[in-house]
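Each chain, written out:
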Amino acid sequence: MEKILIRGGKPLYGTIEIDGMKNAALPIVFATLLVPGKCHIDNLPAVRDIALSLQILETLGAKVEMTGPNSVEIDATNAIATLPPAELTRKMRASYYLLGAGLGRFGSAIVGYPGGCDFGKRPIDQHVKGFEALGATVDESSDGLLTAKVGEQGLRSGNIFFDVVSVGATLNVMMAAVTAPGQTIIENAAREPHIVDLANFLNTCGARISGAGTDTIKIKGVSELHGCTYAIIPDMIEAGTYMVAVAAASGQVKINNVIPKHLESVTAKLEEMGVSVEELDDAVVVTRTEPLQRCNIKTLPYPGFPTDMQPQFCALFCLAEGVCHLTEGVWDNRFRYVDELRRLGADIEVNGKTATVNGGAPLRGTSVRAVDLRGGAAMVIAGLAAEGETIVEDIHLIARGYDNLEGKLSAVGADICRVVYPDPIIKMN
Ligand code: EPZ
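About the cut-offs
- Residues numbered from 1 in each chain as written.
- Predicted model: local features only at pLDDT ≥ 70, side-chain atom pairs only at ≥ 80, totals over all residues.
- Heavy atoms only, no water.
- Near = heavy atom within 4 Å.
- Polar contact = N/O pair within 3.5 Å; in protein donor to acceptor, adjacent residues only side chain to side chain.
- Areas by Shrake-Rupley, 256 points an atom, 1.4 Å probe, with all protein chains shown as cover.
- Helix = DSSP H or I, 4+ residues; strand = E, 2+ residues; numbered from the N terminus.
- Domains from an automatic or database assignment.
- Axes fitted to C-alpha atoms, helices over the stretch in contact; angles between N-to-C directions.
- Parallel < 35°, antiparallel > 145°, perpendicular 65-115°, else oblique.
- Left-handed = near helix turned anticlockwise from the far one by under 90°.
- Contact = heavy atoms within 4.5 Å.
- Nonpolar A, V, L, I, M, F, W, Y, C, P; charged D, E, K, R; others polar.
- Disulfide = S-S within 2.5 Å.
- Buried < 20%, exposed > 50% of the residue type's maximum accessible area, 1.4 Å probe, protein only.
- Phe/Tyr/Trp six-rings, centres within 6.5 Å; stacked < 30°, edge-to-face > 60°.
- Expected span 1.5 Å × (residues − 1).
- Pairing = 2+ DSSP bridges.
- Buried area = accessible area lost by both parts, 1.4 Å probe.
- Salt bridge = Lys/Arg side-chain N within 4 Å of Asp/Glu carboxyl O.

1. Thoughts on the site of the ligand
- In the vicinity of the ligand there are 23 residues, among which Ser166, Val167, Asp308, Val330 and Arg374 approach most closely.
- Pro123 is positioned with one of its backbone polar atoms (N or O) 3.3 Å from an oxygen atom of the ligand.
- When the ligand sits alone it has 830 Å² of accessible area, and the protein chains cover 90% of it.
- At the level of elements, helix H1 (22-31), helix H5 (125-133), helix H6 (167-177) and helix H12 (373-385) are the ones that each hand at least two residues to the shell around the ligand.
- When residues are assigned to domains, the shell around the ligand turns out to be shared by domain 1 (2-19 + 234-420) and domain 2 (22-231), each giving three or more.

2. Description of the packing of H1 against helix H7 (residues 193-204)
- Where H1 meets H7, the closest approach of the two axes is 9 Å, and the angle between their N-to-C directions is 30°. The angle between the axes of H1 and H7 places the two elements in the roughly parallel class. The chirality of how H1 crosses H7 is right-handed. Contact residues: Asn23, Ala24, Pro27, Ile28 and Ala31 in H1; His194, Asp197, Leu198, Phe201 and Leu202 in H7.
- The residue inventory of the contact of H1 with H7, partitioned by class, reads 7 nonpolar, 2 polar and 1 charged.

3. Concerning the state of the cysteines
- Enumeration according to the criterion identifies 0 disulfides in this entry.
- Considering cysteine sulfurs only, Cys205 is the nearest to Cys39, which forms no disulfide, with 4.4 Å between them.
- Using a relative accessible area of 0% as the deciding quantity, one classes Cys39 as buried.
- Of all cysteine sulfurs, the one in Cys228 lies closest to Cys205, which takes part in no disulfide; the gap is 3.5 Å.

4. Some details on the packing of aromatic side chains
- Summed over all chains, the structure comprises 6 aromatic pairs.
- Seen in terms of ring centroids, Phe30 and Tyr97 are 6.4 Å apart; in terms of plane orientation they differ by 55°. Their pairing is tilted. With a gap of 67 residues between them, Phe30 in helix H1 and Tyr97 in helix H4 (residues 97-106) connect regions that are remote in the sequence.
- On the basis of relative accessibility, which here comes to 0%, the residue Phe30 falls in the buried class.
- Residues Phe201 and Tyr230 carry aromatic rings whose centres are separated by 5.7 Å and whose planes lie at 75° to one another, so their mutual orientation is edge-to-face. Placement of the pair is Phe201 in helix H7 and Tyr230 in strand E13 (residues 228-231), with a sequence separation of 29 residues.
- These aromatic residues form a ring-pair network of at least three members: Phe30, Tyr96 and Tyr97.

5. Considering the environment of Glu328
- Residue placement: Glu328 occurs in the loop between strand E18 (322-327) and helix H11 (338-343).
- Sequence separation of Glu328 and Thr241 is 87 residues, and the distance between their C-alpha atoms is 17 Å.
- Within the structure, Glu328 has its side chain in polar contact with the side chain of Gln310 (distance 3.0 Å).
- At 3.0 Å, the side chain of Glu328 and the backbone nitrogen of Val330 are in polar contact.

6. Considerations on helix H2 (residues 48-59)
- Between its first and last C-alpha atoms H2 spans 17 Å; for 12 residues at 1.5 Å apiece the expected length is 16 Å, and the two agree.
- Of the residues trailing H2, Gly61 is marked for its positive phi of about 100°.

7. Section: the sheet that holds strand E21 (residues 367-369)
- Judged by pairing direction, the sheet is mixed, and its 4 strands sit side by side in the order E21-E22-E1-E23 without closing on themselves. Each edge of the sheet is formed by a strand with only one pairing partner; in this case those strands are E21 and strand E23 (415-420). On average, adjacent strands in this sheet sit at an angle of 25° to one another, irrespective of strand direction.
- Relative to strand E1 (residues 2-7), H12 is tilted by about 30°, and along the sheet it contacts E1, E21, strand E22 (389-393) and E23.

8. Describing the domain arrangement of the protein chain
- Split by domain assignment, the protein chain resolves into domain 1 (2-19 + 234-420) and domain 2 (22-231).
- Taken over C-alpha atoms, the centre of domain 1 sits 30 Å from the centre of domain 2.
- If you look at the interface, domain 1 gives 24 residues, while domain 2 gives 22 residues.
- Roughly 2,000 Å² of surface becomes buried between domain 1 and domain 2 when both sides are summed, with 54% attributable to carbon and sulfur atoms.
- If you sort the residues of domain 1 by the area they bury against domain 2, Tyr302, Trp331 and Arg400 come out on top, with a joint share of 35%.
- When the shortest N-O distance is used, the salt bridge between Asp49 and Arg400 registers 2.9 Å.
- Counting across the interface, domain 1 meets domain 2 through 4 residue pairs in polar contact (both at pLDDT 80 or more).
- Here the side of domain 1 that touches domain 2 is composed, by residue class, of 9 nonpolar, 5 polar and 10 charged.

9. Notes on H1
- A large share of H1 lies buried, amounting to 10 of its 10 residues.
- Listing the buried residues of H1 in full gives Lys22, Asn23, Ala24, Ala25, Leu26, Pro27, Ile28, Val29, Phe30 and Ala31.

Here is the structure:
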């Protein structure tokens, strides 16, 4: 049983390098299925969800070769539309990108219902709506298998107006539409940087996508894609997490390999709390010397404040004197981690989609769990500021989206390490 052990109270000084963005890399890795040729992808983050996606592609017959610690060559020329093992696909949400990529390449796809973090309801009705507008049908069997297929006439272009702004549905429908004859228009599309990154990757492979990054995306179908070389954008959520870590622990850290524009909403909130953020070309320098000021946050789709930074800021709010309100505007229930923060002494009330944090009382180290990926990052951040020892359990959830979190923090002065505890001995009578 691996856990993270933190002895809080150490300020952070130095430099942290940010990896490629998990949530951009996932759709791009699955989109290589659309390409009968070799795709060389750089700046791939070495996180568990990416390793799983590569394994899933291999089960479909794609050739996957790691050409460096953060580079992979994927050749899906001989891939086929077949059911990947459920024990792989149910471990992550992103396995549903097989539906869009499979429809675009083979006209059919089958995959088990995807897993991922538990934030309450996670419907896929908008994905289905988009696929149907392209002439496909999607069925869910009683044992949870999703089957998408088109008739003999193949996919057609379509006009889709999403009822809710969905990152996954926008990416999935883009993948399906790249080879659909005619022009597909997606309206009320998500605008996240990873939408732009997938469009750029697909365009490098010969697709004709315009408008990514706005709420209207136009896709002119092409007959076939070709291989390419592509580098994933930096991970704004990984960068944001370390920015908050510095704010929590105090000190000064330069965070390299970022796109400062992607971090604007996080930067604005840190500055409101009295933390200095200096923007350089591809780095930010975060400095915290003063006590933290209170502020409020509401999460929204991009360019609003990212929901994937909500738990980390909740941990930070615990350290600011006064009352902070944190309203979740994307997910039904993303406050499961709050009980764990309370174990550290945090005073937080949750009412529906708003958490009210009465900050300022010291946090005291104890044993806590990562209930999901970003909730786990929040526990580490709280542990950096807490008095005494904090032990974070279930850290495999953190490894889904952060490579070497404890190594990167320890290199800037945190007293943090991964420890292996023996499994508890169960006494039999
Ligand atoms: C992506 O999830 C990310 N995951 C999530 O990050 C992130 O929290 C989320 O986008 C929002 O930014 C990946 O990229 C793998 P959505 P996704 O479809 O695509 C509703 C992390 O920590 N909705 O944009 O699944 C849905 O219920 C992870 O890295 C429908 O109603 O999110 C939610 O309220 C966790 N119908 C809202 O839209 C649908 O068909 C946004 O969901 C689809 C979504």
